[in-house]
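Residues per chain, in single letters:
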Amino acid sequence: QLDTCRSGIEVLPEVMEALREAGATREDFAVFVDGGIRRGADIFKAVALGAAGVGVGRPVLYSLASYGDKGIVRMVHMLQDELMMVMRLSGTPDVASITEKHVITKNLSDHIVPLPADHLVNGTYMP
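Definitions and cut-offs
- Residues numbered from 1 in each chain as written.
- Predicted model: local features only at pLDDT ≥ 70, side-chain atom pairs only at ≥ 80, totals over all residues.
- Heavy atoms only, no water.
- Core = buried A, V, L, I, M, F, W, Y, C linked by side-chain atoms within 4.5 Å.
- Buried < 20%, exposed > 50% of the residue type's maximum accessible area, 1.4 Å probe, protein only.
- Contact = heavy atoms within 4.5 Å.
- Salt bridge = Lys/Arg side-chain N within 4 Å of Asp/Glu carboxyl O.
- Helix = DSSP H or I, 4+ residues; strand = E, 2+ residues; numbered from the N terminus.

A.B. asks: Explain the nonpolar core here, please?
C.D. replies: Generally speaking, nonpolar side chains in soluble globular proteins are found buried as a group. In this structure, Leu12, Val33, Ile43, Phe44 and Ile98 are the most contacted members of the largest nonpolar core, which totals 20 residues. When residues no more than four places from it in sequence are discounted, the contact partners of Ile43 are Ile37, Val54, Leu79 and Leu83.

A.B. asks: Sorry, what's going on with the pattern of salt bridges here?
C.D. replies: For side chains bearing opposite charge, pairing can occur when the charged atoms are close. In the structure shown here, the tally under the stated rule is two salt bridges. With its nearest N and O atoms 3.2 Å apart, the salt bridge here joins Glu17 to Arg20. On the criterion of helical spacing, the pair formed by Glu17 and Arg20 is a turn pair, its members being three residues apart in helix α1 (residues 8-21). Since its relative accessible area comes to 36%, Glu17 is described here as partly exposed. Residue Arg20 is classed as partly exposed on the basis of its relative accessible area of 44%.

Below, the structure is given as structure tokens:
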């Protein structure tokens, strides 16, 4: 895992655009987002931006470590409840009705972590 890389949800709009330009459709090519999914709203955003599904890693590990298999069941129910609430608030009765129009993507670039400057190399060595 790289701290300075963009997350899957940040690059998803670009990936979907590149797939459209290449002629791929959702029926031909499924995209899954793995990483950074913590809430039902994150699942909603990923589906709205074109993901066919999401991977949920850390919440599963935390739930399993803390509460065992009952913790995982509870975590899944929490994600379902949160997703259903976001869908209700967004006016989407089912997953198929979630579209890109339900999310704002214009400020995704604001979340990119800039690479730190290496002052030693920049100030000492001549290229």
